[in-house]
Amino acid sequence: MAKTMSLSKSTLIRGLQCQKSLYLYKTAYNQRDKIDKVQQQIFNRGHRIGELAQKLFPGGRDVSPPNPYSYDASIAATTALISLNFPVIYEASFKYQGVLVALDMLVLKEGKWYAYEVKSSFKISKTYLLDAAIQYHVITKSGLKLEDFFILHLDSNYIKKGDLDLNKLFKATSVLEEIVEKQPFILETIKQATHTLSQDTVPDISIGKHCFKPYTCDFKGYCWKGIAENQIFDIGGINLDEKIELYLQGKQKISELPELFLEREKVKLQSQALQQEKAIVNTELLKQFYNKIQYPIYFFDLEAFQSAIPLFDGTAPFQNIPFQFSLHFIEKEGDKPIHFEFLANESEDPRKEFLDKFLEFTTITGQILVFNTLMEIGTLNQLGQLFPERMKEIKDRINRMVDFEIPFKDNYYYHPSMKGSYSLKAILPTLVEGEDYQNLSVKDGQEAMAIFNELLYEEDKSKIEFWRQHLLEYCKMDTWALLQVFLALKKLI
Ligand code: SF4
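Parameters and conventions
- Residues numbered from 1 in each chain as written.
- Predicted model: local features only at pLDDT ≥ 70, side-chain atom pairs only at ≥ 80, totals over all residues.
- Heavy atoms only, no water.
- Helix = DSSP H or I, 4+ residues; strand = E, 2+ residues; numbered from the N terminus.
- Buried < 20%, exposed > 50% of the residue type's maximum accessible area, 1.4 Å probe, protein only.
- Contact = heavy atoms within 4.5 Å.
- Areas by Shrake-Rupley, 256 points an atom, 1.4 Å probe, with all protein chains shown as cover.
- Lys, Arg positive; Asp, Glu negative; His and termini not counted.
- Charge placed at Lys NZ, Arg CZ, Asp CG, Glu CD.
- Salt bridge = Lys/Arg side-chain N within 4 Å of Asp/Glu carboxyl O.
- Polar contact = N/O pair within 3.5 Å; in protein donor to acceptor, adjacent residues only side chain to side chain.
- Near = heavy atom within 4 Å.
- Nonpolar A, V, L, I, M, F, W, Y, C, P; charged D, E, K, R; others polar.
- Pairing = 2+ DSSP bridges.
- Axes fitted to C-alpha atoms, helices over the stretch in contact; angles between N-to-C directions.
- Phe/Tyr/Trp six-rings, centres within 6.5 Å; stacked < 30°, edge-to-face > 60°.

### Concerning the overall build of the protein chain
Along its length, the protein chain carries 20 helices and 14 strands. In terms of principal-axis extent, the alpha carbons of the protein chain reach across some 80 × 60 × 40 Å. For the protein chain, with 493 residues in total, the buried portion stands at 49%. Contacts in the protein chain between residues far apart in sequence, at least 24 positions, make up 69% of those at least 6 positions apart. Of the roughly 24900 Å² that the protein chain leaves accessible, carbon and sulfur atoms contribute 50%. Positive and negative side-chain charges of the protein chain, numbering 59 and 65 respectively, have mean locations separated by a distance of 2 Å.

Structure below.
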């Protein structure tokens, strides 16, 4: 194979997760899964945090290359700036024996060089340490002595008040000792990766837990093709590790499921539904559940986002900020539903308006159906702490909430097409013909959150308007689906 292929910090980390992934990345790059909006938002977030951290060391020279394939000029510029004792270099680039790394910030203080790598998280993970250890290896082998190596990460205790205080938002933790210890391991890692890339065939590595840890592999679509349709992977109540274990043992069909698993009520029921190819309905339990629900009924769903950089006073990094909700309301059985909605303006703290509108639209006493109340109750309680004068009303709304996930989570109803999923998206088409989420541009709550997060930095008005419309459509669909499922399930009893 291509014996001269260069390696980078990220390809070596990829190889540590799976050598096949490294090989495919270098030889079949186009087979990678498409980057979705959530991943793109995570990349964008990383860039923004990186740029913000540069302000801790102002006046630096940025030697980033114009594209990821032309690092030679960046390496040359880094070498020149170091020889001139330039005090701060952003994206300082080094190459040693075919391994390329770029460091977020290289800082000269009192004649000594310090390395800084920025991460948009609170904790320093094992992967971040390996990352830093690879950088340390290449930088020091290139001939630069590092006095210390810091990871700049976010401080969870920071609360924004006025302008961002970068010295408090970021925490610099020295990792020098740990990464020096890892040097022999890094040498082995490079050796193994070089060996893998010198082969003529794709490494024979089966799917496994490593496809998800530490990251979901972007060759999953390639390696898992066909496996997802495997019956065992369509059953809930068996965790992924167990499913992979069964798969590797060659047990792929529902009929091959060991007795031990069928002792689990959920698994037994789902395997029955799969074998009978029809829904299983526990009408008795459904009746009991429906007996507790009376009109008027609200169908409620909210969306929230977490920004790594706190945007509003009184918020911490990654704090949950609700930005949107949808409510369908039916006063009496048979009435036409009325729809209410709220979507925050991207430039202001939405929390007060969100709460005011929610409380205003739910004034009429009635039960509030939510599909999994965890997020809604948690968010409303947080808002109650911020606006204690409204806590009584908030408690009233929480007391009126009914978790409509229960009939599905507890298997009062299960259809084989749900494939072990209890999401509304999976349930809706099994109960209501012609209704699904297929034509929506926003796929799920994670994507809604990522889109709204990006709108906060978007300047193109038409793009903002476009995505606002789609966010409204998506959230409306969620409560519409909830309402439809509520009515359809009722018919079954
Ligand atoms: S999907 Fe799994 S087996 Fe395939 S390359 Fe990725 S980690 Fe390796």
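### Side note on the environment of Y457
For Y457, the location among the structural elements is in the loop between α19 (445–455) and α20 (461–491). According to the relative accessible area criterion, Y457 is partly exposed, its value standing at 35%. A C-alpha to C-alpha distance of 9.3 Å links Y457 and S347, two positions 110 residues apart in sequence.

### Here we look at the pattern of salt bridges
Tallying each qualifying case throughout the model produces 22 salt bridges. For E454, the salt bridge identified is with R48, shortest N-O distance 2.8 Å. Of this pair, E454 sits in helix α19 while R48 sits in helix α3 (residues 37–54), and the two are 406 residues apart along the sequence. The salt bridge involving K119 is made with D131; its shortest N-O contact spans 3.0 Å. Placement of the pair is K119 in the loop between β5 (112–118) and α5 (126–141) and D131 in helix α5, with a sequence separation of twelve residues. There is no split in this pair, since K119 and D131 are both buried. Taken together, the shared-partner salt bridges connect K9, E117, K119 and D131 into one network.

### Points about the side chain of Q324
Of note, Q324 is situated in strand β10 (residues 320–330). With a relative accessible area of 0%, Q324 lands in the buried category. Here L471 takes part through its backbone oxygen, which lies 2.8 Å from a polar atom of the side chain of Q324. Ignoring sequence-local partners within four residues, the contact set of Q324 consists of D301, L302, E303, F342, L343, F354, L471, L472 and C475.

### What to know about the site of the ligand
Around the ligand, the surrounding shell consists of C18, S21, S206, H210, C211, C217, F219, K220 and C223. Partitioning the shell around the ligand into residue classes produces five nonpolar, three polar and one charged.

### Description of the pairing of strand β12 (residues 367–370)
Side chains Q367 and L369 project from β12 onto one buried face, and the interleaved I368 and V370 project onto a second face that is buried too. Pairing analysis gives four bridges linking strand β9 (residues 297–306) to β12, with the strands arranged parallel. Paired with F299 across the two strands is L369, which belongs to β12. Pairing of β12 with strand β13 (residues 401–403), which is carried by three bridges, proceeds in the parallel orientation. Within β13, the position partnered with V370 by the bridge is D403.

### Overview of the sheet that holds strand β11 (residues 338–343)
Taken in spatial order, the five strands line up as β11-β10-β9-β12-β13 in an open sheet, and their pairing is mixed. The open sheet terminates on both sides in strands that have one partner only, identified here as β11 and β13. Across the sheet, the axes of successive neighbouring strands diverge by a mean angle of 25°, strand direction being ignored. Pairing geometry for β9 and β10, over ten bridges, is antiparallel.

### A look at the packing of aromatic side chains
Under the defined criterion, the tally for this structure stands at 31 aromatic pairs. Look at F57 and Y116: their rings are 4.6 Å apart centre to centre, the planes differ by 45°, and that puts the pair in the tilted class. Separated by 59 residues along the polypeptide, F57 in the loop between α3 and β2 (61–62) and Y116 in strand β5 bring together distant segments of the chain. Residue F57 is classed as buried on the basis of its relative accessible area of 16%. Residue classification places Y116 among the buried positions, given a relative accessible area of 5%.

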